[in-house]
Amino acid sequence: MASDLVLISIIVPIVMSLITITIGKAVVRKTFVSATLLIVFLSSLAIFKTANLPTVVGTSYYGIIDKLIKVGDYVLLLYTLYVSFKVKEPKIAIFSILQILPLAYFELFVLKEQEVRAFYIDNLSIIMNLVVSIVGSIIALYAFGYMDHHEKEEKLVKSRQSRFFAVILLFFGAMNGIIFSNNLMWLYFFWEITSLSSFLLISHDKTEVAIKNASRALWINMFGGFSLLVGIIILYKYTGMITLDAVLKSDTSYILLIPVSFMVLGAFTKSAQMPFQSWLLGAMVAPTPVSALLHSSTMVKAAIYLILRLAPTFRGTTLSGFIALYGAFTFIATSILALSQSNGKKILAYSTIANLGLMISSIGINTSSAITAAILLLIFHAVSKALLFLCVGTIEQNIGSRDIEDMKGLITKMPVTTIITFIGILSLMIAPFGMLLSKWMAIEAASRNLLVALLLILGSAITVMYYTRWIGNILSEGHNSKFFVEKQPSTVRFALYSLVTIAIVLSLAVTQLFNAIVKPEINMLKMSISVKAAAGYMESNLGGFSIYPVFFAIGLAVMLAFLTIKNSRDIVETKPYEAGLNYDDSNNGYDVKNYYLPSIINEEKMTKYMNYISLILILAIFGGILL
Amino acid sequence: MGLKEFVKKSFSKSPWVVHYDCGSCNGCDIEVLACMTPIYDMERFGMVNVGNPKHADILIVTGTVNEKNKDVLKNVYDMMPDPKVVVAAGICACSGGIFRDCYNVLGGIDKVIPVDVYVPGCPAKPEAMIDGLYKAAQILKEKYSRREVIVSAKSLG
Amino acid sequence: MTWADYLIFAAAVILTPLIGGLITGLDRKVTALIQGRYGPPVLQPFYDVVKLLSKEKMIVNDFQIFAAYIYLLSAILSVGFFAIKADLLMIIFIMSIGLVFYVIGALATRSPYSQVGAQRELMQMLAYEPLLIFVLIGMYYVAGSFNLHDIMSHGRLLLDLPLIFVVLSLVLDIKIKKSPFDFSTSEHAHQELVRGILTDYAGPYLALIEIADWYELVLLLAMLAIFWSQNLVIGALISLFVFFLDIIVDNISARMTLKWMLSFSWIVGISFTVLNIAYLYFSNVSR
C-alpha cells in the first residue's frame with residue numbers, strides 16, 4: 001500500500017510532465033497541472049495517514065524501475081554533455097564525463113545486481129514530502145498567475161509555459177524520489193534530475209545572463225553530483241552497502257566516514273554553502289516561483305535532508321564538530337553579505353543560504369535538541385521563505401523593481417501584499433514564530449561549542465538588522481496617503497493567503513507539530529528526547545520557551561491599537577517632522593537610505609576571503625575523518 | 001492627592017520647551033540657551049529643551065515673523081499636541097521691535113499664532129525668560145484643566 | 001506556573017515602572033549635580049510620563065500606536081518572565097520583539113530624523129544584542145542551564161565571570177544610550193537629529209515608550225544584580241554602582257562614531273567572553 005502511494009507520488013508527476021510539454025492550450029494545461037498537483041498532495045496526505053513508521057518497503061516493479069533509472073542516468077549525463085556544448089561551458093562537460101566514466105565502471109564491474117527494498121519511509125521523509133507537496137503545490141499554483149503576467153511583460157509570441165510547467169512537474173517527481181529512495185543509486189539519479197531541472201528553469205527566459213547563471217548552477221551541482229557518486233562508490237566498494245537503511249543500521253566507523261563526508265560535500269553544493277554560493281545568487285534571475293520552489297523551499301532542502309539522514313553516522317565525531325563550525329561560518333558570512341544588499345531577492349537568497357547554514361550547523365552539533373531544531377527550521381523556513389519570495393515576485397510585477405529602497409511607501413500602493421510580506425518577514429526574525437523558536441533551541445544546543453555559539457549569535461543579530469529595515473521601508477507611509485485597492489490574479493492571491501495562514505498556524509501549533517512528527521523521528525534516531533512540548537511550552541534540559549504568552553501579548557497590542565484607533569475621536573493625524581518645512585509626498589526633498597555599511601562590507605572582496613576560509617573549513621571536515 | 005490632581009500638577013511640573021528662532025539676531029537665542037546653564041538651570045522646574053515640537057508643551061519663539069518663515073512657525077505650532085502654550089521672548093517676538101517697519105516683517109509672532117506670555121527685553125534676560133516659562137507652565141496647567149472640562153462635556157453629549 | 005508565580009509576575013509588572021522611574025529620576029539628579037546644577041526633583045520622570053499620557057494623541061500613522069504598545073507589552077512580558085525565573089534566552093528574545101517594532105515604528109514615518117535615528121538604533125542593537133546573549137552563554141558555562149532559577153542557585157557569579165560582568169555593563173551603557181553611545185535619540189541638548197528615533201512618537205505613545213524603557217532598564221539592572229544572587233541586596237548595590245559609573249562616563253565623555261561603537265563592542269564582547277570562558281576551563285568551574 002505505502003509503496004504504491006510512494007510510487008504514485010514519484011511516477012505520476014514525471015509521466016504527467018511528459019504529457020504537459022505537448023499541451024499548448026492554456027486552460028487544458030492549467031487543469032492538467034492542477035490535477036497532478038492534487039494527486040501529489042493527496043498521495044502525500046495518504047502516505048502520512050496510512051504508513052506505519054518507520055518502514056522500508058519493497059515494490060513489485062523494482063526491476064523495471066531500476067532498469068529505467070540505469071538507462072536514465074546515462075541519458076541524463078549525455079544530455080548535460082550536449083548542454084555543455086550548447087552553452088559553451090566546458091566545466092559541465094568535465095563533470096558529466098567525470099560522472100559517466102566512474103558510473104559505467106561501477107555498474108559494469110563493481111555493483112552486483114540484487115533486489116533491495118525500494119523505499120525508506122520515516123517521519124523525516126514524511127515531513128519533506130509534506131513540505132514539497134503542500135508548499136510546492138501552492139507555489140506552482142502561484143506560478144499560473146505569475147507566468148501569464150511574466151510572458152505578457154516579455155511580450156512572447158508563443159507561450160513557453162508548457163515547457164515551464166513540465167519541468168516543474170518533473171521536479172516534483174524527482175524531489176519525491178530523493179525523499180523516499182532507499183537505494184542510493186536511485187537517490188543519485190533523482191538528485192541529478194533536480195540539478196538538471198534547476199538548470200532548465202533558471203535558463204527559462206533564454207537571456208544571456210540567465211543562460212550563463214544557469215550553466216554555472218549546473219556545473220556546480222554536477223560537481224556535487226560527482227561528489228555524491230564518489231561517496232556512493234566508495235561506500236559500496238568498502239562496505240558493500242548500497243541502501244540507506246543498511247547505512248543507518250551500521251555502526252560509526254572510519255570506513256563509513258569517508259564516503260559520508262563525500263556525500264555531505266555533495267549536499268553542501270546543493271544547499272549552496274559558502275564557496276558554492278554563487279550559483280544560488282545567480283539563480284535569482286529565474287522567474288520568482290522558481291526561486292521560491294527550487295532555490296529556497298524544496299530543492300536546497302534536499303541537501304539538508306541528506307545530511308540529516310546521514311547525521312547518525314557521524315554523531316560524536318570530530319567531523320561532526322567541523323560540520324557545525326562550517327555551517328555556522330556560512331551562516332554569519334552570508335548574513336554579513338546580506339547586510340550590504342538592497343536587492344530584495346538577493347537578500348532573500350543570502351538569507352536562504354544563511355539559514356541552510358544554520359540548519360547544517362545544528363545537524364553538526366548533533367544532539368537531540370539540535371536535530372529537533374534543524375528539523376523545525378527546515379519546516380518553518382520552507383514556508384516563510386517561499387512566502388517571501390512570492391511576495392517579492394508580486395511586488396516586482398507591480399512596481400517593476402526588486403530593490404528595497406524602491407519599496408518605500410509600498411503599503412499605500414499594495415496594502416494587502418505589504419501586510420503579508422510584513423508578517424512573512426516577522427515570521428523569519430522575531431519570537432515567538434517557529435523560526436526563532438528553533439533558533440533559540442539551536443543556540444542553546446550550540447552553547448557547549450563556544451565558537452559555533454558565538455557565530456550563530458552574531459549572525460542572528462545581523463539577520464534582525466537587515467530584515468527590520470526592509471519592513472521599515474515597506475511600511476513607511478506619508479501623510480494622509482490614499483490606499484489603493486490591489487488587483488491580483490486569484491491564484492496569486494490564494495497562494496499568498498494560504499502560505500501566510502500556514503506560517504501563522506504552524507507557529508501557533510508548534511508544540512503539536514513537534515509531538516506529531518518531529519518527536520517520533522528523534523525517537524527513531526535512538527536519541528534521548530531532551531525536548532518536551534506541551535500546551536505552548538517547549539522545554540529542553542537547558543531551558544524552556546513559552547509561546548502562548550508572547551502571542552497573547554502581540555494579540556493584545558494589536559487589539560489595543562485597534563481599539564485606540566477605532567474609538568477615540570481625539571486622535572490627530574499630523575505630518576512627519578521635517579524641521580517645520582513639509583515636502584509633499586510626491587516630491588521628496590530628501591532621500592534617507594538605509595545603512596548598507598559600504599565602508600565596512602565590500603561584497604566582492606569579502607566573498608573572496610570568505611570563500612578561502614570556507615574552503616579551509618571543508619578541508620578541515622575531510623581532515624576531521626582522521627581525528 | 002488624587003490622581004486627577006497629580007495629572008494637573010504634572011502639567012505645571014513638567015513643561016517641555018521647544019525653541020524656535022524665527023529670525024532673531026541671536027541675542028535672545030543665546031539667552032535661551034543660558035537658561036539651561038548651571039547658573040540659571042531651568043531643569044529644576046522640570047523644563048527641558050526638547051527641540052521637537054511633537055514632544056513640547058511650550059513653544060518659545062525669538063525674533064520677528066517675516067513672509068518667509070511664517071509658514072514654518074505655523075507648522076511648528078500645529079505640530080505641538082494640545083494643550084500648548086506660546087512664549088514670545090524678546091521685544092522682536094513680542095511686537096517686531098525695531099524691525100517692525102521692515103518691508104518683509106509682519107510684526108510680532110502674535111500675527112501668526114496665539115501668544116500666551118510676552119517676555120520683553122532686548123535681549124530678554126534669562127531670569128525674565130525663566131519667569132515667563134514658569135508662568136507659561138501655570139497657564140499650561142490651566143489650559144489642561146479647561147480642556148478636561150471640554151472633553152468630558154463632549155463625551156457626555 | 002503556580003498561583004504564586006502569577007502573583008510574582010503581577011507584582012513585578014506593577015513595581016518595575018515605579019523603580020525604573022525612580023532610578024531615572026536619580027539619574028537626572030545625579031547628572032545635574034555632576035554638572036553643578038540643582039536639577040529636577042527625583043519624581044520628575046513620573047511628572048513627565050503622566051503629563052505625556054494625558055496629552056493629545058498625535059500620530060503620523062496608525063502603525064505607530066501598534067509599535068508603541070508592542071514595545072511596552074514585550075518589555076512588560078520580559079520583566080514578568082524574569083521575575084518568575086524563566087529561561088533567560090527566551091527573555092532576551094521577547095525583549096527584542098519590542099525593539100524591532102520600536103524601530104519599525106520610527107522607520108514607518110517619513111521624517112528623515114526619525115529614519116536616521118532608527119538606522120542608528122539598529123546599529124546599536126547590532127552592537128549590544130549579541131553581547132547580551134554572550135553573557136547568557138557565560139552564565140550557562142557556570143550554571144549548566146539557561147534557566148534563571150538554576151543560574152541564581154549558583155550564588156556568586158561575579159567571582160567566576162568578572163569579564164562577562166564587564167560585558168554586561170557595556171551592554172547597559174549602550175542600551176540606555178548614555179554617552180559615548182547616545183546615537184539614536186540624541187538625548188538632552190544634543191539635537192542634531194532632533195530626537196532621533198523618538199521624533200515622530202508624540203504624546204501618550206512617547207509615554208508608553210518611556211515606560212517600556214524603564215522596564216528594560218530595570219531588567220538589565222536586575223541581570224547585573226543576579227551576578228551576586230546569594231544576597232540580592234548586595235547584587236542591587238553592585239548594579240546601582242555600575243549604573244552610577246555609567247552616569248559618570250556619560251558626563252565625562254563625548255559621543256563616538258557608530259563604526260567605533262560596533263567594533264569596540266564586538267571586540268570587547270567576543271574577546272572578554274572567550275577569555276572568561278577559557279578562565280573557567282582552566283579553573284575547572286565549568287560544568
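Just above sits the structure.
Presented here is a report on the structure given in the accompanying data block. (Residues numbered from 1 in each chain as written. Chains lettered and ligands numbered in written order. Predicted model: local features only at pLDDT ≥ 70, side-chain atom pairs only at ≥ 80, totals over all residues.)

**A look at the overall build of chain B**
The number of helices and strands found in chain B is 5 helices and 7 strands. Tracing chain B from N to C terminus, the helices and strands come up as α-β-α-β-β-β-α-β-α-β-β-α. Taking 2.2 N^0.38 as the reference for a compact globule, 157 residues should give roughly 15 Å; the C-alpha atoms of chain B span a radius of gyration of 16 Å, in line with that estimate. Dimensions along the principal axes, computed over C-alpha positions, put chain B at roughly 50 × 40 × 20 Å. Residue burial in chain B is summarised as follows: out of 157 residues, 50% are buried. Once local pairs closer than 6 in sequence are excluded, the contacts in chain B between residues at least 24 apart make up 82%. (Helix = DSSP H or I, 4+ residues; strand = E, 2+ residues; numbered from the N terminus. Rg over C-alpha atoms; globule rule 2.2 N^0.38 Å. Buried ≥ 20, exposed ≤ 12 C-beta atoms within 10 Å, placed from the backbone. Contact = placed C-beta atoms within 7 Å.)

**Quick look at the overall build of chain A**
Along the backbone of chain A there are 24 helices and 6 strands. Along the first, second and third principal axes, the C-alpha atoms of chain A reach 85 × 60 × 50 Å. Across the 627 residues in chain A, those meeting the buried criterion constitute 58%.

**Quick notes on the sheet that holds strand β5 (residues 544-546) of chain A**
Residue and element names in this part refer to chain A. Pairing within the open sheet is antiparallel, and its 3 strands lie in the order β3-β4-β5. Looking at the sheet topology across the chains shown, the edges are occupied by β3 (532-534) and β5. For this sheet, the mean angle separating the axes of adjacent strands, direction not counted, is 10°. (Pairing = 2+ DSSP bridges. Axes fitted to C-alpha atoms, helices over the stretch in contact; angles between N-to-C directions.)

**Observations regarding the interface of chain C and chain B**
Counting residues at the interface gives 25 residues for chain C and 20 residues for chain B. Looking at the side of chain C that touches chain B element by element, the count peaks at 5 residues for helix α2 (residues 44-53) of chain C. For the side of chain C that touches chain B, a count of residues per class yields 10 nonpolar, 8 polar and 7 charged. (Nonpolar A, V, L, I, M, F, W, Y, C, P; charged D, E, K, R; others polar.)

**Description of the packing of helix α13 (residues 299-310) of chain A against helix α15 (residues 344-365) of chain A**
Residue and element names in this part refer to chain A. Relative orientation of the contacting elements α13 and α15 amounts to 5°, with a least axis distance of 10 Å. On the basis of their axis angle, the class for α13 and α15 is roughly parallel. Contacts between α13 and α15 pair Val300, Ile304, Ile307 and Leu308 from the former with Thr352, Leu356, Met359, Ile360 and Ile363 from the latter. Counted by class, the contact of α13 with α15 contains 8 nonpolar, 1 polar and no charged residues. (Parallel < 35°, antiparallel > 145°, perpendicular 65-115°, else oblique.)

**Some details on the packing of helix α20 (residues 450-475) of chain A against helix α4 (residues 88-107) of chain C**
Where α20 of chain A contacts α4 of chain C, the two axes come as close as 8 Å, and the packing angle between them is 40°. In terms of their interaxial angle, α20 of chain A and α4 of chain C are classed as oblique. Relative to α4 of chain C, the crossing made by α20 of chain A is right-handed. The residues of α4 of chain C that touch α20 of chain A, namely those facing Val464, Thr468, Arg469, Ile471, Gly472 and Leu475 of chain A, are Ser96, Val100, Val103, Ile104 and Leu107 of chain C. (Left-handed = near helix turned anticlockwise from the far one by under 90°.)

**Some details on the nonpolar core**
One finds Ile139, Ile307, Leu390, Leu456 and Leu499 of chain A together with Tyr71 of chain C to be the most contacted residues of the largest nonpolar core, which totals 344 residues. Of all the elements, helix α16 (residues 368-399) of chain A adds the most residues to this core, at 20 residues. Residues Trp16, Tyr77, Val86 and Val119 of chain B belong to the second largest nonpolar core, which totals 50 residues. (Core = buried A, V, L, I, M, F, W, Y, C linked by C-beta atoms within 7 Å.)

**Re the pairing of strand β1 (residues 16-21) of chain B**
All names here are of chain B. In terms of burial, β1 is a largely internal element, 5 of the 6 residues being buried. Sheet topology places β1 next to strand β2 (residues 48-49); 2 bridges connect them, and they run parallel. Bridge pairing links tryptophan 16 to valine 48 in β2. What joins β1 to β2 is helix α2 (residues 27-34), and the crossover it makes is right-handed. In this structure, β1 lies alongside strand β3 (residues 58-62), joined through 5 bridges in parallel fashion. Considered in β3, the bridge of histidine 19 is made with isoleucine 60. (Right-handed = clockwise from strand over helix to strand, strands pointing away.)

**Looking at the sheet that holds strand β7 (residues 117-119) of chain B**
Residue and element names in this part refer to chain B. The 5 strands lie next to each other as β2-β1-β3-β5-β7, forming an open sheet whose pairing is parallel. In this open sheet, the two edge strands, each paired with only one partner strand, are β2 and β7. With 5 bridges joining them, β3 and strand β5 (residues 85-89) adopt parallel strand pairing. Along β5, the bridge assignment pairs leucine 59 with valine 86. Running at roughly 145° to β3, α2 makes contact with β1, β3 and β5 of the sheet.

**Let's talk about the environment of asparagine 61 of chain C**
Position of asparagine 61 of chain C among the secondary structure elements: in the loop between β1 (57-59) and α3 (63-83). The exposure class assigned to asparagine 61 of chain C is buried, which follows from the 24 C-beta atoms found within 10 Å. Each C-alpha atom, one on asparagine 61 of chain C and one on glycine 105 of chain C, is 9.1 Å from the other, the two residues being 44 residues apart in sequence. Setting aside residues no more than four positions away along its own chain, asparagine 61 of chain C makes contact with Glu477 of chain A together with Ala108 and Thr109 of chain C.

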